[in-house]
Amino acid sequence: MHRSRLYALIIDAPRDEAGEAAAFWSAALGADLRTDPAEPEFTGLADVVPGLVTAVQSVGDAPRYHLDIETDDVAAEVERLCGLGATPVSRWLDCHVLRAPGGHLLCVIPVASDGALFESTATRWS
């Protein structure tokens, strides 16, 4: 048995356009921008959806959106999602990048949210 939940909606923007994209989404959604020096490639859009991280990520690729799913058992969640039709793309640290049917990217990551939030909102899988 493991648990998982939708953790983040990430707006991927090419590096040279990420600042402009963050400013646009901040204004469009009425969200304050937040940065963390430990993760300079991300600009958070504060409190867009309670309990869901929303951020602009600077990438060396084409613009797109992707979802992050957090879990208390990364290997089990990757296996579950691959059983549903996702295919592995890459791995970066503890993050497993998958491609869902239809072509969208998603990342499977270890639990990153507040423990109480994860406990109260995660789905249990057997």
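Higher on the page you've got the structure.
Predicted, not measured: the structure shown is a model, and the values here were computed from it. (Residues numbered from 1 in each chain as written. Predicted model: local features only at pLDDT ≥ 70, side-chain atom pairs only at ≥ 80, totals over all residues. Heavy atoms only, no water.)

A short note on unusual backbone geometry
Unusually for a residue other than glycine, Asp47 sits at a positive phi of about 55°. Following the sequence through the fold, Asp47 ends up in the loop between β3 (42-45) and β4 (53-59). A residue is classified by how much of its surface remains accessible, and Asp47, at 67% relative accessible area, is exposed. Phi at Leu93 takes a positive value of approximately 55°, unusual for a residue other than glycine. Among the structural elements, Leu93 can be located in the loop between β6 (87-92) and β7 (95-99). (Helix = DSSP H or I, 4+ residues; strand = E, 2+ residues; numbered from the N terminus. Buried < 20%, exposed > 50% of the residue type's maximum accessible area, 1.4 Å probe, protein only.)

Re the layout of surface pockets
Counted as a void, the largest pocket has a volume near 1,200 Å³. Mapped onto the lining of the largest pocket, the elements with two or more residues apiece are β1 (2-14), β2 (33-35), β3, β4, β5 (64-71), β7 and β8 (105-110). Among the elements that take part in the lining of the largest pocket, β4 stands out by supplying six residues, more than any other. Split by residue class, the lining of the largest pocket holds 23 nonpolar, nine polar and 14 charged. (1 Å grid on protein atoms, 1.4 Å probe; cavity = no way out; pocket = protein on both sides within 12 Å on 5 of 7 lines; lining within 4 Å. Points joined across faces, edges and corners; volume = space filled by probe spheres on them. Nonpolar A, V, L, I, M, F, W, Y, C, P; charged D, E, K, R; others polar.)

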